[in-house]
Amino acid sequence: MGNEERQPENRLRRELPDEVPVPAPRPEPATGRPAEEASGEAARQAAGPTAGRTPAETSGETAAGTTGQSDEARLTGRRRLVEGLWPPRFSRAQLIVAVLLFGLGFGLAVQVASNSDSDSALRGARQEDLVRILDELDDRTQRLEDEKQGLEKQRQELQSSSDQAAEARRQTAEKERQLGILAGTVAAQGPGITMTIADTKGTVKADMLLDAIQELRAAGAEAIQINGVRVVASTYLSDTGDSVSVDGNKINAPYRFKVIGKPQDLEPALNIPGGVVQTLEKEQATATVERSTKIVVDALRQVKQPDYARSSSP
């Protein structure tokens, strides 16, 4: 019995091989790494640079590459713009046009500034001052109209007179007296004003007195005298130390103006807003104006023969 039970077991053992052969290892590639590692590396290379990386890493590298390219393009654009603008390249015609435009702009700016100053002075004036300015303009217009009528009257007298030669001599003598007053060769008297300028600080200069003379002439002054010096068309003023010279004659404060003309025109012309009186007050000087029915201008001038001008009449 025992021998029969062992026979199947021995038969099974004889059917199984004694040893299971172990497969021989594959030869390693030239890199010295196992074939599995080499084949995995080859697969990753075939898959591309993103193989084995997470999607976040791949998208980050892509964004970084795109940003670098855009920054480089932007810098290149700026560099091109700078190179295009600097150094500037101007032609001669462009420079001339630029200079002309600059001069035109500067002139317009000065004109606008001067108009703004005059407009602001009138805008801040009182109603009485504005009425006075309008009256002065009306008076100037009336004076010009009277002068025109006088000239027309003289022409009509010459044309209608039976003795035109005698009438011409009479008008010539009258014109000579008028020109003598303007030239300062004869004394004159008539209604007008007296203006006295007190300058205790020594701030009144020649240009301020010249402004007063021009304002009086514009208002219709026919004869002017300053501290014994007759003012004529060729009169000039200059600063001499702390005083003023008129035609080379030194005068000191107070400056006394004797003016023959219509008082109703002369006084408002000096007292307008921003005029002579206000300008002197800003310089800490005082100016007083008095009207009079009789002003005597007796300072005389010697007739000076012109050096170059000659009469063009035959």
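Scoring rules and cut-offs
Residues numbered from 1 in each chain as written. Predicted model: local features only at pLDDT ≥ 70, side-chain atom pairs only at ≥ 80, totals over all residues. Heavy atoms only, no water. Core = buried A, V, L, I, M, F, W, Y, C linked by side-chain atoms within 4.5 Å. Buried < 20%, exposed > 50% of the residue type's maximum accessible area, 1.4 Å probe, protein only. Helix = DSSP H or I, 4+ residues; strand = E, 2+ residues; numbered from the N terminus. Contact = heavy atoms within 4.5 Å. Pairing = 2+ DSSP bridges. Axes fitted to C-alpha atoms, helices over the stretch in contact; angles between N-to-C directions. Salt bridge = Lys/Arg side-chain N within 4 Å of Asp/Glu carboxyl O.

A. Examining the nonpolar core more closely. I197, L216, I224 and F257 are the most contacted members of the largest nonpolar core, which totals 32 residues. Sort the elements by how many residues they give to this core and helix α7 (residues 206-218) lands first, with six residues. Once residues within four sequence positions are removed from consideration, L216 is found in contact with I193, A221, I224, F257, V259, L266 and L270. The next biggest cluster of nonpolar side chains, apart from the first, holds five residues, and it includes A188, A223, I260 and V297.

B. Representation of unusual backbone geometry. Cis geometry marks the peptide bond from A253 to P254, where omega comes out at 0°. The topology assignment puts P254 in the loop between β6 (249-251) and β7 (255-260). Phi at N227 takes a positive value of approximately 50°, unusual for a residue other than glycine. Position of N227 among the secondary structure elements: in the loop between β2 (223-226) and β3 (229-231). Even without being a glycine, Q284 presents a positive backbone phi close to 60°. By the element assignment, Q284 lies in the loop between α9 (276-282) and β8 (286-297). A residue is classified by how much of its surface remains accessible, and Q284, at 53% relative accessible area, is exposed.

C. Representation of the sheet that holds β6. Strand order in the open sheet made by the three strands is β4-β5-β6, with antiparallel pairing throughout. Both edges of this open sheet fall to β4 (237-240) and β6, since each of them pairs with a single strand only. On average, each strand axis in the sheet is inclined to that of its neighbour by 35°, with strand direction left out of account. Both strand β5 (residues 243-246) and β6 contribute to a ladder of three bridges, which runs antiparallel.

D. The arrangement of the pattern of salt bridges in detail. Applying the stated criterion across every chain yields a total of two salt bridges. Of the charged contacts, one joins R301 and D247 as a salt bridge, the two residues approaching to 2.5 Å between their closest N and O atoms. Of this pair, R301 sits in the segment after β8 while D247 sits in the loop between β5 and β6, and the two are 54 residues apart along the sequence. By relative accessible area, D247 is classed as buried at 15%. Two residues, R291 and E267, come together in a salt bridge whose shortest N-O distance is 2.3 Å. Placement of the pair is R291 in strand β8 and E267 in helix α8 (residues 263-271), with a sequence separation of 24 residues.

E. Representation of the side chain of T194. With respect to the element layout, T194 can be found in strand β1 (residues 188-198). Classification of T194 by relative accessible area gives buried; the value is 11%. If we skip the residues at most four places from it in the chain, T194 touches R256, F257, T288, V289, E290 and I295.

F. Just the sheet that holds β2, in detail. Sheet architecture is open: five strands sit in the order β3-β2-β7-β1-β8, paired in antiparallel fashion. What marks the edges here is a single partner per strand, and that holds for β3 and β8. If you compare each strand with its neighbour and ignore which way they point, the axes differ by 25° on average. Two strands pair when backbone bridges link them, and β2 and β7 are joined in this way by four bridges, in the antiparallel orientation. Across the sheet, residue I224 finds its bridge partner in β7, namely V259. Here α7 sits on the sheet and contacts β1, β2, β3 and β7; the angle it forms with β7, its principal contact strand, is near 15°.

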